[in-house]
Amino acid sequence: MPHRLLRFGLSRKHPEPRMFTRHENLKPAYDVVIIGAGGHGLACAYYLARDHGIRNVAVLERGYLGGGNTGRNTTIIRSNYLTPEGVKFYDESVRLWQDLAVDFDLNLFYSTRGHFTLAHTDSAMRTMRWRAEVNKHFGVRSEAVDAAFVKRAIPMMDMQCAGHAPIVGALFHEPGAIARHDAVAWGYGRGADRRGVEIHQQCEVTGIRTRGGRVEGVDTTRGPIATQRVLCAVAGFTPRLLDMVGLHTPISIHPLQAMVSEPLKPWLDPIIVSGSLHVYVSQTARGELVMGASLDPYELHSTRSTLEFAEGLASHMIDLFPFLGEVKVNRQWAGLADMTPDFAPIMGTTPLEGFFLDAGWGTWGFKAMPVCGKTMSHTVATGRNHALIEGFAIDRFEHYRLTGEKGAASVGH
Ligand code: FAD
Ligand code: PYC
């Protein structure tokens, strides 16, 4: 190694740059404790500090920053939902995504590609028209398109799907995009850290203290903390945290698997989803195909991946794109999806005073990080649910006022 390079590397004048500060000790008390350093917890911390001036905040993470579903997702961003509550909420998120790279001074590799949800039957086409109409009503750019439009946009696709399920049309959503998931977590983490928020990794919350129906503090593997406000943003761990405070939701945990191919020359610009074939795919800037399918069909708290999943996904990919038969798969993994019965999240205040929930993000929460950060920081700062999250309140199950988003979930479940 050249001497000059070695001297530079070892010089104290050029320490290794860090994304955020490492804090050796917890303070005895914070104004707000956020459990979970995924994109949701970090986004809330960022906007609490930036927009509400609340900086005495600790984000506690049992593993490492972004190591949960945030670093395992397939990064699809879109707002082509089915319910008015959903469309307005995700549309605001897509708007916030546009300024994020500048806010963070960090390249998020945000790339608008257009998003096709394929219809293989006339009844699926009816759902596409329904979604298109709701979307347009709220100013979101979505159109029901015919098979010829799809063929022009994706000439490499076998429109007959090997004869199993010919494509009759699609919902085309022009703003559909992908981004780099790790960078989003780092951007929110660094932005929060620079504003005084403390991020503590390897610090697991083991208990939540309450008295007289309100929060008093949390117990952690590094000692107790006093606080009157706790945000729980732990995705696949939600039922365990809710057990600590005696709250119950209908959330169940299912593995969601995905896989990525070797890098190929760019050939696929849009994002493609087929609910009927249980497959979705996009191509990254590095050329890899990022592919996924439905949830594993049983409750399981494990991030193992299976050969059965890889085989099913590969065979449906080949139905759509037969020329991929020789392409190698580089990696396969899974996350823990916290599923709700109506495929909408659970957000806001809870019957326990000072305890706030941001959960039920199942297979759809990456795109929502900016708007969740904005709305949950408002809710934690004021103690009142933000207007945009009213359709997602925890008591909707009790009153059977569901926000049914199943028809707009990414893949068949
Ligand atoms: P996480 O990122 O899981 O963060 C929660 C954190 O809490 C974890 O880091 C965990 O370690 C920590 N934690 C848990 N318990 C404790 C404790 N006791 N103490 C301290 N810390 C704790 N969404 C989309 O919008 N588009 C997609 O294309 C998409 N694709 C997906 C593909 C896959 C394979 C998966 C698994 C999910 C996908 N999602 C997608 C969903 C999305 O990834 C999640 O909804 C989102 O990442 C949830 O973020 P989060 O911050 O709430 O959770
Ligand atoms: O929400 O668009 C989505 C999605 C795609 C794959 C998993 N979730």
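Every value quoted in this text rests on a predicted model; they were computed, and no experiment measured them.

Moving on, we come to the packing of aromatic side chains. Under the definition given, this model contains 18 aromatic pairs. Between Tyr46 and Tyr47, the ring centres sit 5.0 Å apart and the planes meet at 80 degrees, which makes this aromatic pair edge-to-face. For Tyr47, a relative accessible area of 1% corresponds to the buried category. Taken together, a centroid distance of 6.2 Å and an interplanar angle of 15 degrees make the contact between Phe89 and Trp361 stacked. You can see Phe89 sitting in helix H3 (residues 84–104) and its partner Trp361 sitting in the loop between strand S20 (355–359) and helix H9 (369–382), a full 272 residues away along the chain. The buried category is assigned to Trp361, whose relative accessible area is 6%. Here the aromatic residues Tyr81, Phe89, Tyr90, Trp361 and Phe392 are joined through ring pairs into a cluster of three or more.

The next thing to look at is the site of ligand 1. Around ligand 1, 36 residues are found, and the nearest of them are Glu61, Asn69, Thr70, Thr74 and Lys367. Here Val205 contributes a backbone N or O atom positioned 2.9 Å from a nitrogen atom of ligand 1. Within the contact set of ligand 1, an oxygen atom lies 3.2 Å away from a backbone nitrogen or oxygen of Trp361. Alone, ligand 1 offers 1,000 Å² of accessible surface; in the complex the protein occludes 97% of this. Within the residue set of the shell around ligand 1, elements represented by two or more residues are helix H2 (39–52) and strand S14 (252–261). Looking at the shell around ligand 1 residue by residue, the classes come out as 17 nonpolar, 14 polar and 5 charged.

Strand order across the open sheet formed by 8 strands is S6-S7-S5-S15-S16-S17-S14-S18, with mixed pairing between neighbours. Among the strands making up the open sheet, the edge pair consists of strand S6 (142–146) and strand S18 (329–339). Averaged over neighbouring strand pairs, the angle between their axes works out to 20 degrees when direction is ignored. Here strand S15 (residues 271–274) pairs with strand S16 (residues 279–283) via 3 bridges, running antiparallel. In the strand pairing of S16, Ser274 is matched with Val279. On top of the sheet, helix H4 (residues 122–137) reaches strand S5 (115–119), S6 and strand S7 (169–173); it is set at about 150 degrees to S6, its chief contact.

Parameters and conventions
- Residues numbered from 1 in each chain as written.
- Chains lettered and ligands numbered in written order.
- Predicted model: local features only at pLDDT ≥ 70, side-chain atom pairs only at ≥ 80, totals over all residues.
- Heavy atoms only, no water.
- Phe/Tyr/Trp six-rings, centres within 6.5 Å; stacked < 30°, edge-to-face > 60°.
- Buried < 20%, exposed > 50% of the residue type's maximum accessible area, 1.4 Å probe, protein only.
- Helix = DSSP H or I, 4+ residues; strand = E, 2+ residues; numbered from the N terminus.
- Near = heavy atom within 4 Å.
- Polar contact = N/O pair within 3.5 Å; in protein donor to acceptor, adjacent residues only side chain to side chain.
- Areas by Shrake-Rupley, 256 points an atom, 1.4 Å probe, with all protein chains shown as cover.
- Nonpolar A, V, L, I, M, F, W, Y, C, P; charged D, E, K, R; others polar.
- Pairing = 2+ DSSP bridges.
- Axes fitted to C-alpha atoms, helices over the stretch in contact; angles between N-to-C directions.
- Contact = heavy atoms within 4.5 Å.

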